[in-house]
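For reference, the chains in residue letters:
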Amino acid sequence: MSRLQLALRVGDLEGSIAFYRKLLGAEPAKLRPGYANFAVDEPPMKLVLLQGEIGQDTALDHLGVEVGSTEEVTDATARLTELGLFAEPEQDTTCCYARQDKVWVHGPGREPWEVYAVKADSPTFGPTGTEACCTTT
């Protein structure tokens, strides 16, 4: 199983949740303070909504490919490295209320992409609770 992920930083989280419920015809798979995600079967996609500054226009936060296992993340890391892309792996990290293994790369416009596998749910957003995740240098 793999699916694309689109993570958006939104200025009106509740309004965005209401809009995407209608657009996608689905309920959020996970709702937490400042966070929602929709796991859509058709097309296979995970839409993540992250609370931004109140009133800001919606902006791309990051992109991703969710895969089914840590082995697939390891394979992606090797493949991306062999292709000459600077890959930043993260093992057993907490991000977006989930324990994950992942690898980050950046596109030519500095857009961040992650290939990740969710290992378990987490009660906290980031590594120690509230700080940002899904960010790379």
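Placed above this text is the structure.
A few points on the structure. Only a predicted model underlies this, so the values are computations on that prediction, with no experimental measurement involved.

Criteria and cut-off values
- Residues numbered from 1 in each chain as written.
- Predicted model: local features only at pLDDT ≥ 70, side-chain atom pairs only at ≥ 80, totals over all residues.
- Heavy atoms only, no water.
- Helix = DSSP H or I, 4+ residues; strand = E, 2+ residues; numbered from the N terminus.
- Rg over C-alpha atoms; globule rule 2.2 N^0.38 Å.
- Buried < 20%, exposed > 50% of the residue type's maximum accessible area, 1.4 Å probe, protein only.
- Contact = heavy atoms within 4.5 Å.
- Areas by Shrake-Rupley, 256 points an atom, 1.4 Å probe, with all protein chains shown as cover.
- Lys, Arg positive; Asp, Glu negative; His and termini not counted.
- Charge placed at Lys NZ, Arg CZ, Asp CG, Glu CD.
- Pairing = 2+ DSSP bridges.
- Axes fitted to C-alpha atoms, helices over the stretch in contact; angles between N-to-C directions.

So, about the overall build of the protein chain. Looking only at helices and strands, the protein chain features two helices and eight strands. Shown N-terminal to C-terminal, the secondary structure of the protein chain runs as helices and strands in the order β-α-β-β-β-β-α-β-β-β. Since a compact globule built from 137 residues should have a radius of gyration of about 14 Å, the 15 Å found for the protein chain is in line with a globular shape. Projected onto its principal axes, the C-alpha coordinates of the protein chain cover approximately 40 × 30 × 30 Å. Here the protein chain holds 137 residues, and the buried ones make up 45% of them. Partitioning the contacts of the protein chain with sequence separation of at least 6, the portion at a separation of at least 24 is 57%. Carbon and sulfur atoms make up 57% of the accessible area of the protein chain, which totals about 7400 Å². The distance from the centre of the 12 positive side-chain charges to the centre of the 21 negative ones in the protein chain is 3 Å.

Note on strand geometry: in a regular strand, side chains alternate between the two faces of the sheet. Relative to strand β5 (residues 59-66), strand β1 (residues 3-10) runs antiparallel, the two sharing seven bridges. Bridged to Leu8 within β5 is Leu60. Judged from the seven bridges that link them, β1 and strand β4 (residues 45-51) form a sheet pairing that is parallel. Within β4, the residue paired with Leu8 across the bridge is Leu49.

The subject of this paragraph is the sheet that holds strand β7 (residues 98-106). Across the sheet, which stays open at both edges, the eight strands sit in the order β2-β3-β4-β1-β5-β8-β7-β6 with mixed pairing between neighbours. The sheet terminates laterally at β2 (30-32) and β6 (88-95), the two strands that pair on one side only. Strand-to-strand, the axes of this sheet are offset by a mean angle of 20°, without reference to chain direction. Packing of helix α1 (residues 13-24) onto the sheet brings it into contact with β1, β2, β3 (35-40) and β4, and relative to β4 it is tilted by some 165°. Each of β6, β7 and β8 (112-121) touches helix α2 (residues 70-82); the most contacted strand, β7, lies at about 15° to it.

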